[in-house]
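Coordinates in review
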Amino acid sequence: MSQQPVLLPYADPAFLADPFPLYRQLREEGPVRRAVIAGGLETWLVTRYEDGLAALSDPRLSSDVHDASDPRLLEQLPATERASLLSNMLRTDPPDHTRLRRLVSKAFTARRVAELRPRVQEITDRLLDDIVPAGRADLVADFALPLPVTVISELLGVPVADRHDFQGWTDDMILRRAEQPDPAVVDTAWQHMRTYLTGLLEAKRARPGDDLLSALITARDEEQRLDEDELIAMAFLLLAAGYITTVNLIGGGIAVLLAHPGQMEMLRDDPALLPGAIEELLRYDGPVSPGIARFAREDVSIAGVAIPRGATVLIASAIADRDPGQFPDPDDLDITRQDNAHLAFGHGIHYCLGAPLARLEGQVAIGTVLRRLPGLALAVPPGELRWRPGGLRGPERLPVTFSSDGAN
């Protein structure tokens, strides 16, 4: 295996449109590969499925960025952001992670998610009602974005009038930072977000509602509650994680199906295939690419490769999920694929808490689009689609045409 790190060319539109040839090359070169990712950060890519699965459960690999030796990982976060934003279950390890996740799980129950299906369907139909008469739309801006934003806002109890503001601040902190890193812009957005969330939490303490933020305020684990920084960090995490990746799942999933018309028609003809189709779309071209970051607490060996303490380890789920050692014909989209245990939602104690909600929204959104937008086709050549840079993968826009007699 070459010791020269490979550059992942996030500024190259051709790579962003189809990173999988390079991903395949990296996996074939070895199970662990040094690479330079966005921002010039060096990482160790874990490229094969079994190694990735094991690494996601390895206690020697931390989720806490403070365990990283590269100071740029923290320097990218303005000082006002660090204490609050990193106090969430995504960026902590046991015992703090165990406590935080238990508290959130008490509010974010499977029953609450299952009960959302009629409302998700209602929001989906309302958005499509506005789209159908025109016979054309941008399915990101007009559909894939407002659907999960509305769902997570209602779940958390964010007022309708405030949604545009929090979406803009979140975009500045996460999406635009990936394109043009500017700590001043991120800092300003976080200050606005923190001020807003502080006021919102105070209002819900005074007048609790039947929403997730009110439940988080009152959630207890024995005698422990979430402290103020943890509450703010958790509220931000749920807002951001609750819609950004789901936008990419819906928009990216529809784009993939448009590129595979036979699979799209099979799914349109048999909606019972939807649950398996969503899993296959997550495996084939999921919303996080190349994968999930961890930091070595100590010198570790992965697949026989020595990785030094403090190194950033990227469990490359987007590469591992096309490992032919785990998935037959991995570069083929097959919505009937069985035993599809992909890594798109992670694994182990950090397995995505919002996975049931993302699956629900993906099934309802994509299934309803196929039913209500006959003749669905791209309105531009496939090569003109622009894909997001950085670690969140999805089309920035998805211009389409369709028959304007969309069924109900």
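Scoring rules and cut-offs
- Residues numbered from 1 in each chain as written.
- Predicted model: local features only at pLDDT ≥ 70, side-chain atom pairs only at ≥ 80, totals over all residues.
- Heavy atoms only, no water.
- Helix = DSSP H or I, 4+ residues; strand = E, 2+ residues; numbered from the N terminus.
- Expected span 1.5 Å × (residues − 1).
- Buried < 20%, exposed > 50% of the residue type's maximum accessible area, 1.4 Å probe, protein only.
- Polar contact = N/O pair within 3.5 Å; in protein donor to acceptor, adjacent residues only side chain to side chain.
- Salt bridge = Lys/Arg side-chain N within 4 Å of Asp/Glu carboxyl O.

The linkage connecting Pro94 with the following residue, Pro95, adopts the cis geometry, with an omega of 5°. Within the fold, Pro95 resides in the loop between helix 5 (79-85) and helix 6 (96-107). Ser289 connects to Pro290 through a cis peptide bond whose omega is 10°. Its place among the elements puts Pro290 in the loop between helix 17 (274-285) and strand 6 (292-296). One non-glycine residue, Ala303, lies in positive phi territory at about 55°.

Moving on, we get to helix 14 (residues 228-241). Across its 14 residues, helix 14 extends 20 Å between first and last C-alpha, which sits within 8% of the 20 Å expected from 1.5 Å per residue. Buried residues dominate helix 14, accounting for 11 of its 14 residues. Residues of helix 14 that are buried include every one of Glu230, Leu231, Ile232, Ala233, Met234, Ala235, Phe236, Leu237, Leu238, Leu239 and Ala240, and no others. By the N-cap criterion, in which a side-chain oxygen at the helix start approaches the backbone nitrogen of a residue two or three places on, helix 14 is capped by Asp227, the distance to Asp229 being 3.2 Å.

Counted by the stated rule, this structure contains 24 salt bridges. For Arg359, the salt bridge is made with Glu279, and the minimal N-O distance between the two is 2.6 Å. In this pair, Arg359 is assigned in helix 19 (residues 355-372) and Glu279 in helix 17, connecting sequence segments 80 residues apart. Taking the relative accessible area as the measure of exposure, Glu279 reaches 14% and is therefore buried. Between Arg337 and Glu280 there is a salt bridge, with its nearest N and O atoms 3.0 Å apart. Separated by 57 residues along the polypeptide, Arg337 in the loop between helix 18 (317-320) and helix 19 and Glu280 in helix 17 bring together distant segments of the chain. Glu280 gets classed as buried once you look at its relative accessible area, which sits at 0%.

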